[in-house]
Amino acid sequence: SYAERTFTDQRFLAIFVDGVDYAGEMMIVALGVDDSGHKRVLGVRQGATENAAVTTSLLEDLAERGISTATPTLFVLDGAKALHAAVKRVWGDNAVIQRCQIHKKRNVDAHVPDRHKPELARRLHEAYTEKHFGTARTRLESAVRWLEKLNHDAAASLSEGLEETLTVVRLGLGTTLRQTFASTNAIESTLKLVRQVTGRVTRWRDGDMRHRWCTAALLDAEKRFNRVKGYRQLATLAEALESDVVKRNVRPSKLA
């Protein structure tokens, strides 16, 4: 069982956290990437929604099992406020958060008329593939102003957490690592494997059965995980995280 694992001697540079539908129930899944690029299933919690209390319980359990909250860590989240609040509550200033760019695109796109979707896609692609953080932020801010003329809700959706969708750009990661950590695809692709394992089950006795089967299938899928793309450059991620946390936590007077 994943709950019996301890991680005292392991360094996890990144943790993906996402709420996913599994057989009609919400499962909060945490997937870690260690400093050699291997992915590990860290934990699963069952909840009616992406609840802050449920997610906090999951993250606190990870800390109790040896994952350091004192080490700068990249968290890749789907954008749910509950997940964001839970990560900040447990990891504090050592949490460096990347909002999933794919979730953001979907959320904004849902508000935009079909005739404007290609232009939206172009603007977001240019921003998310831009190498310089300042330029990328300017492109997104320009997109927000453009959207204001079309749909206020679309503009508000893009504006919310705007800079956190660009964390991988701010960290200065290379193209491959940026693609790896810009979205929660790692969890979503894993859940596809899980659903293949349990897809033939037609009758679920109770929620506990779902949790047990989901956990077992995740651990089975883990045996077939490949290392993340760009793992040879993970040392640059470790350095960037340390530098980013120091910069954000040093008072302006100390930088003078």
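Let me sum up the structure you'll find in this document.

Scoring rules and cut-offs
- Positions within a chain are numbered from 1, following the residues in the order the chain's sequence is written.
- Local features in this predicted model are restricted to residues of pLDDT 70 or higher, and side-chain atom pairs are both shown and tallied only at a pLDDT of 80 or more, whereas totals for entire chains, interfaces and linings draw on every residue.
- As a convention, hydrogens and water are excluded, and side-chain values are obtained from all of the structure's heavy atoms.
- As used here, the term nonpolar core means buried Ala, Val, Leu, Ile, Met, Phe, Trp, Tyr and Cys residues forming a set that is joined through side-chain atoms within 4.5 Å.
- The buried label applies to any residue whose accessible area, calculated with a 1.4 Å probe on protein chains only, is under 20% of its type's maximum; exposed applies above 50%, and partly exposed to all values in between.
- Each helix is a run of DSSP H or I of at least 4 residues and each strand a run of E of at least 2, with the numbering of both proceeding from the N terminus.
- Any two residues whose heavy atoms approach within 4.5 Å at even a single point are treated as in contact.
- Polar contacts, as used here, are pairs of N or O atoms within 3.5 Å; protein pairs need one atom able to donate a hydrogen and one able to accept it. Residues neighboring in sequence count only if both atoms are side-chain atoms.
- Ring pairs shown here join Phe, Tyr and Trp side chains whose ring centres sit within 6.5 Å, with only the six-membered ring taken for Trp; geometry is labelled stacked below 30 degrees between planes, edge-to-face above 60, and tilted in between.
- Comment: the charge-over-ring label is applied if NZ (Lys) or CZ (Arg) is within 6 Å of the ring centre and within 35 degrees of the ring normal.
- To estimate the expected span of a helix, count its residues, drop one, and scale the result by 1.5 Å.
- The arc in question is the one spanned by the directions pointing from the helix axis to the C-beta atoms.
- Salt bridge, as used here, is a side-chain nitrogen of Lys or Arg placed within 4 Å of a carboxyl oxygen of Asp or Glu.

### Observations concerning the nonpolar core
Counting residues in each nonpolar core, the largest one holds 55 residues, and the members touching the most others are L74, L147, L158, F181 and L237. Here this core takes 7 residues from helix α5 (residues 133-148), the largest share from any one element. Apart from residues no more than four positions distant in its own chain, F181 is found in contact with A14, F16, V33, L74, V76, Q98, V168, L234 and L237. Formed by 21 residues, the second largest nonpolar core is a distinct cluster that contains F12, L58, L77 and A95.

### Points about the side chain of K104
Examined against the element boundaries, K104 turns out to sit in helix α3 (residues 101-109). Of note is the side chain of K104, whose polar atom sits 2.6 Å from the backbone oxygen of S157. In contact with K104, not counting residues within four places along its chain, are Y128, S157, L158, E160 and T165.

### Quick notes on the packing of aromatic side chains
Tallying each qualifying case throughout the model produces 3 aromatic pairs. When the ring of F16 is compared with that of F181, the centres are 5.9 Å apart and the planes differ by 20°; the resulting orientation is stacked. Taken as a pair, F16 in strand β1 (residues 12-22) and F181 in helix α8 (residues 175-181) lie far apart in primary sequence, 165 residues in all. Assessed through its relative accessible area of 1%, F16 is described here as buried. A centroid spacing of 4.9 Å and a plane angle of 75° characterise the contact between F75 and W91, whose relative ring orientation is edge-to-face. Linking F75 in strand β4 (residues 73-77) with W91 in helix α2 (residues 81-91), this pair joins segments that are 16 residues apart in sequence. Residue class for F75 comes out buried when judged on its relative accessible area of 0%. It is K39 that lies over the ring of F225; its NZ or CZ is 5.0 Å from the centre. In this structure, R227 packs its charged tip against the face of Y231, placed 3.8 Å from the ring centre.

### Observations regarding α5
Helix length check: α5, at 16 residues, gives a terminal C-alpha distance of 23 Å against a target of 22 Å (1.5 Å per residue), a fit within 8%. Residues of α5 that are buried: F133, A136, L140, A143, V144, W146 and L147. The buried residues of α5 occupy an angular sector of 165° when the element is viewed end-on, so they sit on one face. In this structure, the buried side of α5 is in contact with α3, α4 (117-128), α6 (152-159) and α7 (167-170).

### Remarks on the pattern of salt bridges
For the coordinates displayed, the defined rule picks out 16 salt bridges. With a shortest N-O distance of 3.8 Å, E188 and R106 are connected by a salt bridge. Linking E188 in helix α9 (residues 185-198) with R106 in helix α3, this pair joins segments that are 82 residues apart in sequence. Judged by its relative accessible area of 47%, R106 falls in the partly exposed class. Of the charged contacts, one joins R224 and D220 as a salt bridge, the two residues approaching to 3.3 Å between their closest N and O atoms. On the accessibility criterion, R224 (46% relative accessible area) is partly exposed. The exposure class assigned to D220 is partly exposed, which follows from its relative accessible area of 27%. Within this structure, E119, R122, R123, E126, E130 and R139 form a network of salt bridges that share partners.

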